[in-house]
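A closer look at the structure
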Amino acid sequence: MTIRTLGVIGAGTMGNGIAQAAAQAGLDVVMQDIMPEAVERGLAAIGTSLDRLIRKEKLDEAGKAAALARIRGTTDAAALKDADLVIEAATERESVKAQVLRNVEAVVRPDAILATNTSSISITRLAASLKDPSRFVGMHFFNPVPMMALVEIISGLQTSQASFDAVTGLAHKLGKTPISVRNAPGFVVNRLLCPMINEAVFTLQDGVASAVEIDEGMKLGCNHPIGPLALADLIGLDVVLAIMEVLHDSFSDPKYRPAPLLREMVDAGRLGRKTGRGFFEYS
């Protein structure tokens, strides 16, 4: 299948990033969210991101206008009915994602492909909630979507080869590099990355070093472009916690136990950049 019209459910950081990348690649995009203010924020975020590309001389005003013209923001789920592919980018909670996917399956064409941007939840289990699980696949983007080259393509037990091939082709069209991943908790990147972040939180919690020093240690000692605590703030501490909980529950291995400080930060609403405060403060 050739993907010409893309539906994106969720206008948050990941959803609007996917919408922007698709629009810049020449696809028509319907970005749907249940809250009008979320749609407005998502469209504004896309405009800001495109302006940043203009300042870096990677885009001109005509390119920005063309990209924005391809994106339709809406709260109406029925607007997704003609999409060739719909990517769900809702909150990282299995019950929410399963309900969203059931709702959209009732709206889209029978030949449309459904995908999820989950960072850790089982594709096989999510697919089981659908009437036609063969057209469901995982398509995990990374933040910030317009800049990050990788997409994990995850097949569930029920995913058809045609669905897998279609989303892999779309990843290439978006200028991304897809890797094929077997369905497993955390997939590849988050299974490696989030335990490292979690251990950095334990290190901070134990008073081994300050947040600044921990991040400087990893940047200068391991040549990481960003420290693990700043990266947690960028990802969202609630997302990191959700992934660690999936890993801990799935493997029943204490090495994946979320750091108590991570859980406490989430309880306090200090989620990182999106709330203005996490392990660091953001104006």
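Given the structure is predicted, the values throughout are model-derived calculations rather than measurements.

With that settled, the discussion passes to the pattern of salt bridges. Using the criterion set out here, one finds twelve salt bridges in the structure. The shortest N-O distance in the salt bridge between Glu105 and Arg135 comes to 3.8 Å. Of this pair, Glu105 sits in helix α4 (residues 94-105) while Arg135 sits in the loop between α5 (123-127) and β6 (136-140), placing them 30 residues apart in sequence. When its relative accessible area of 10% is taken as the criterion, Glu105 is described as buried. Here Arg135 falls in the buried class, since its relative accessible area comes to 8%. Residues Lys274 and Asp238 are paired through a salt bridge, measuring 2.9 Å at the closest nitrogen-oxygen approach. Of this pair, Lys274 sits in the segment after α11 (260-267) while Asp238 sits in helix α10 (residues 237-251), placing them 36 residues apart in sequence. By relative accessible area, Lys274 is classed as partly exposed at 49%. Its relative accessible area of 27% is what places Asp238 among the partly exposed residues. Salt bridges linked by common partners bring Asp84, Arg109 and Asp111 together as one network.

Where like charges cluster on the molecular surface, the positive patch consists of Arg52, Arg55, Lys56 and Lys58. Position of Lys56 among the secondary structure elements: in the loop between α2 (36-55) and α3 (61-69). A relative accessible area of 47% places Lys56 in the partly exposed class.

On the UniProt side, "site: Important for catalytic activity" (unreviewed entry) is annotated at positions that read His140 here. By the element assignment, His140 lies in strand β6. Relative accessible area serves as the criterion here: at 4%, His140 is assigned to the buried category. Dropping the residues within four chain positions of it, His140 is found in contact with Thr116, Asn117, Thr118, Ser119, Leu150, Val151, Glu152, Ile154, Phe187 and Asn190. Looking at His140, its side chain comes within polar contact range of the side chain of Glu152, at 2.8 Å.

So, on to the nonpolar core. Of all hydrophobic cores here, the largest spans 36 residues; its most connected members are Leu6, Ile18, Leu85, Ile87, Met139, Phe141 and Leu170. For this core, the leading source of residues is helix α1 (residues 13-24), giving six residues. Discounting chain neighbours no more than four positions away, the residues touching Leu85 are Ile3, Thr5, Leu6, Gly7, Ile113, Leu114, Ala115, Val167 and Leu170. The next biggest cluster of nonpolar side chains, apart from the first, holds 24 residues, and it includes Cys194, Ile197, Ile243 and Val266.

Taken from the UniProt record, the annotation "binding site: NAD(+)" (unreviewed entry) applies to Gly10, Ala11, Gly12, Thr13, Met14, Gly15, Asp33, Glu92, Lys97, Ser119, Asn143 and Lys274. In this structure, Gly10 sits in the loop between β1 (5-9) and α1. With sequence-adjacent residues up to four places away left out, Gly10 is seen in contact with Gly15, Asn16, Met31, Gln32, Asp33 and Ala89. Positionally, Thr13 belongs in helix α1. Classification of Thr13 by relative accessible area gives exposed; the value is 51%.

As a further point, take the packing of α2 against α3. Two elements in contact, α2 and α3, have axes separated by 10 Å at closest approach and are oriented at 160°. When the axes of α2 and α3 are compared, the pair comes out roughly antiparallel. Considering how the two elements wind past one another, α2 and α3 form a crossing that is right-handed. Every residue of α3 that contacts α2 at Ile46, Gly47, Leu50, Asp51 and Ile54 is listed here: Glu61, Lys64, Ala67 and Leu68. Residues that form the contact of α2 with α3 fall into these classes: five nonpolar, one polar and three charged.

Procedures and definitions
Residues numbered from 1 in each chain as written. Predicted model: local features only at pLDDT ≥ 70, side-chain atom pairs only at ≥ 80, totals over all residues. Heavy atoms only, no water. Salt bridge = Lys/Arg side-chain N within 4 Å of Asp/Glu carboxyl O. Helix = DSSP H or I, 4+ residues; strand = E, 2+ residues; numbered from the N terminus. Buried < 20%, exposed > 50% of the residue type's maximum accessible area, 1.4 Å probe, protein only. Patch = residues over 30% accessible without salt bridge, like charges linked within 9 Å, V, L, I, M, F, W, Y side chains within 5 Å. Areas by Shrake-Rupley, 256 points an atom, 1.4 Å probe, with all protein chains shown as cover. Lys, Arg positive; Asp, Glu negative; His and termini not counted. Charge placed at Lys NZ, Arg CZ, Asp CG, Glu CD. UniProt positions renumbered as here; feature names shortened; annotations may be inferred. Contact = heavy atoms within 4.5 Å. Polar contact = N/O pair within 3.5 Å; in protein donor to acceptor, adjacent residues only side chain to side chain. Core = buried A, V, L, I, M, F, W, Y, C linked by side-chain atoms within 4.5 Å. Axes fitted to C-alpha atoms, helices over the stretch in contact; angles between N-to-C directions. Parallel < 35°, antiparallel > 145°, perpendicular 65-115°, else oblique. Left-handed = near helix turned anticlockwise from the far one by under 90°. Nonpolar A, V, L, I, M, F, W, Y, C, P; charged D, E, K, R; others polar.

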